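Take a look at the letters that make up each chain.
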Amino acid sequence: METPPRSITADAAVEALRRGAILYKYGRSGNPHFREFVLRKDDAVLEWESKGGRIHGVPIRDVREIRLGQTTPIFQRRRLPEVEHLSFSLMYGKERSLDLVCKDETEFTTWVKGLSHLVSKHTGNQFGDVSQSDSDTASDTDTETSRTSAMEEEPSTVQLAETSSFAEDTRTDRENTGSLHKNLRNTLRTEFQSIQDVYLWGSNTKGQLAMDSGTKQAFISSPKLLEPLLELDVVNVALGTTHVLAVTKTGDIFSWGDNTFGALGTGDVRSVAQPLLLATMCGRRAKSVSAGMSHSAAITQDGELLTWGLGLGGKLGHGNEDPVQIPKVVRSLQGISIRQISCGTWHSSAISSNGELFTWGLGVWGQLGHGSCDSAMVPTMVRPMH
């Protein structure tokens, strides 16, 4: 059982920051890692070293808020209630955050106390904007309010361990992460294994790589992180000829790239170089998507199939060749649960939950498998070979 914390002054807390500690850092990409953080000797920058040996830092003067809990977009990628009370974020710059988890209450209180004092000193903000998001639950708010209030009181009233014992603990951490860090590591390891980042490379002639708006590179030869969707768990990505679709864990669809024929499903033909949330799904949650040449398809979590974009050859399956600018249910497959969809250049195919194969679109080369070279305007079952 952890020893009840005792009081420490703000100056002693800052001294502890100068000695440093090993904290669990959430990153903008990849999985969280243990990193050693230390306050630079001039008290102006909080520094840490990345795995590759590069020194990173956040100037204290740039910190505009110290936010308790796991409320930032980066934390929200995998919010863990069991360490919520040990988590905090330094909000700095325009939209940046440094998101950290401490090993115990003593370490948490020390770091928040010390950083609050430094931010107050450098910025003139009396309490360093120690805050808690309004999104927290009522029970969380009751718990955290008393802790936040403690940060705002006089230094002698803040509850945490004596400097001498904390210093010894810090030296131990540098030699070995210790049982507390090991327990934290074991608790969190499996939670982050499902986080997936998306990387894109290749042609960017239509903005399909979702680069910065000011970038006009025609292509990229090395994988580039898809930063706009970092805070979301992407579970499925589909690459069309010149557009891209992505599905998140919550079933939202994002689309970007060429929209000349409505393949983005946004209701217009305006191309975009940044992921847009597809609001035209009308509340439906997607399970998977597919992208072809200027047309797209999505399977909902209920097994319903929707298609949109260029309709030439009947590849949308709506009984005609008309273009469609928003997701539209393929009515001939209503009542049939679809588990897989694939969009080709001029035709499409789908597999039902019963293993039935349906194809439709242009058939001039026999690609539909119907025993002829005829096209099909609606999904038609491929008969088994005998």
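Model, not experiment: these values are computed from the prediction.

K.L.:
Explain the pattern of salt bridges to me, please; I cannot follow it from the model alone.
P.N.:
Pairing is possible between side chains that carry opposite charge, provided their charged atoms lie close to one another. For the coordinates displayed, the defined rule picks out ten salt bridges. Taking the shortest distance from any N to any O, the salt bridge between Glu-47 and Arg-40 comes out at 3.9 Å. Residue class for Glu-47 comes out partly exposed when judged on its relative accessible area of 22%. As a salt-bridge pair, Arg-67 and Glu-65 come within 3.1 Å of each other at their nearest N and O atoms. Residue classification places Arg-67 among the buried positions, given a relative accessible area of 19%. The structure contains a network of salt bridges with shared partners spanning Glu-15, Arg-18, Arg-19 and Asp-43.

K.L.:
Hey, could you run me through the sheet that holds strand β18 (residues 324–329) in this one?
P.N.:
Sheet strands line up and pair through hydrogen bonds in the backbone, either parallel or antiparallel. Across the sheet, four strands lie side by side as β15-β16-β17-β18; this open sheet has antiparallel pairing. Single-partner strands in this sheet number two, and they are β15 (286–291) and β18. Here the average twist between neighbouring strands, direction ignored, is 15 degrees. Here strand β16 (residues 295–300) pairs with strand β17 (residues 305–309) via five bridges, running antiparallel. Bridge pairing links Ala-297 to Thr-307 in β17.

K.L.:
Mind showing me how you'd approach the environment of Lys-328 here?
P.N.:
Looking at where Lys-328 falls in the secondary structure, it is placed in strand β18. Owing to a relative accessible area of 37%, Lys-328 belongs among the partly exposed residues under this scheme. Distance from Lys-328 to Met-281, taken between C-alpha atoms, is 8.6 Å for residues 47 residues apart in sequence. Apart from the residues within four sequence positions on either side, Lys-328 is in contact with Leu-305, Leu-306, Thr-307 and His-318.

K.L.:
Help me understand the environment of Asn-354, please; the structure alone is not making it clear to me.
P.N.:
Counting through the fold element by element, Asn-354 comes out in the loop between β20 (347–352) and β21 (357–361). Looking at Asn-354, the relative accessible area reads 67%, which means it is exposed.

K.L.:
Just to check I follow, could you spell out the sheet that holds strand β12 (residues 243–248) for this structure?
P.N.:
If you trace the four strands from one edge of the open sheet to the other, you get β11-β12-β13-β14, paired in antiparallel fashion. Two strands in the sheet have a free side with no partner beyond their single neighbour: β11 (234–239) and β14 (272–277). Direction aside, neighbouring strands of the sheet carry axes that sit 15 degrees apart on average. Sheet topology places strand β13 (residues 253–257) next to β14; three bridges connect them, and they run antiparallel.

K.L.:
Explanation requested: unusual backbone geometry in the structure shown.
P.N.:
Glycine aside, residues mostly have negative phi angles, and peptide bonds mostly take the trans form. A positive phi angle, close to 65 degrees, is found at Asp-43, a residue other than glycine. Relative to the helices and strands, Asp-43 resides in the loop between β2 (33–39) and β3 (45–49). In this structure, Ala-210 takes a positive phi of about 55 degrees despite not being glycine. With respect to the secondary-structure elements, Ala-210 resides in the loop between β9 (199–203) and β10 (219–225).

The rules behind the values
The numbering scheme is per chain: residues are counted from 1 as the chain's sequence reads. For a predicted model such as this one, the threshold for reporting local features is a pLDDT of at least 70, and the threshold for listing and counting side-chain atom pairs is 80 or more; totals across whole chains, interfaces and linings nevertheless cover every residue. Heavy atoms from the whole structure form the basis of all side-chain values; hydrogens and water molecules are not counted. Salt bridge, as used here, is a side-chain nitrogen of Lys or Arg placed within 4 Å of a carboxyl oxygen of Asp or Glu. Buried, partly exposed and exposed residues are distinguished by accessible area as a fraction of the type maximum, computed with a 1.4 Å probe on protein chains only: under 20%, between the cut-offs, and over 50%, respectively. The pairing criterion for strands is at least two bridges between them, as found by DSSP. Where helices and strands are cited, they refer to DSSP runs of H or I of at least four residues and of E of at least two residues respectively, numbered from the N terminus. Here an angle of 0 to 180 degrees is reported between the N-to-C directions of two axes, which are lines fitted to C-alpha atoms, with helices fitted over the stretch in contact. Contacts are assigned to residue pairs with any non-hydrogen atoms lying within 4.5 Å of each other.

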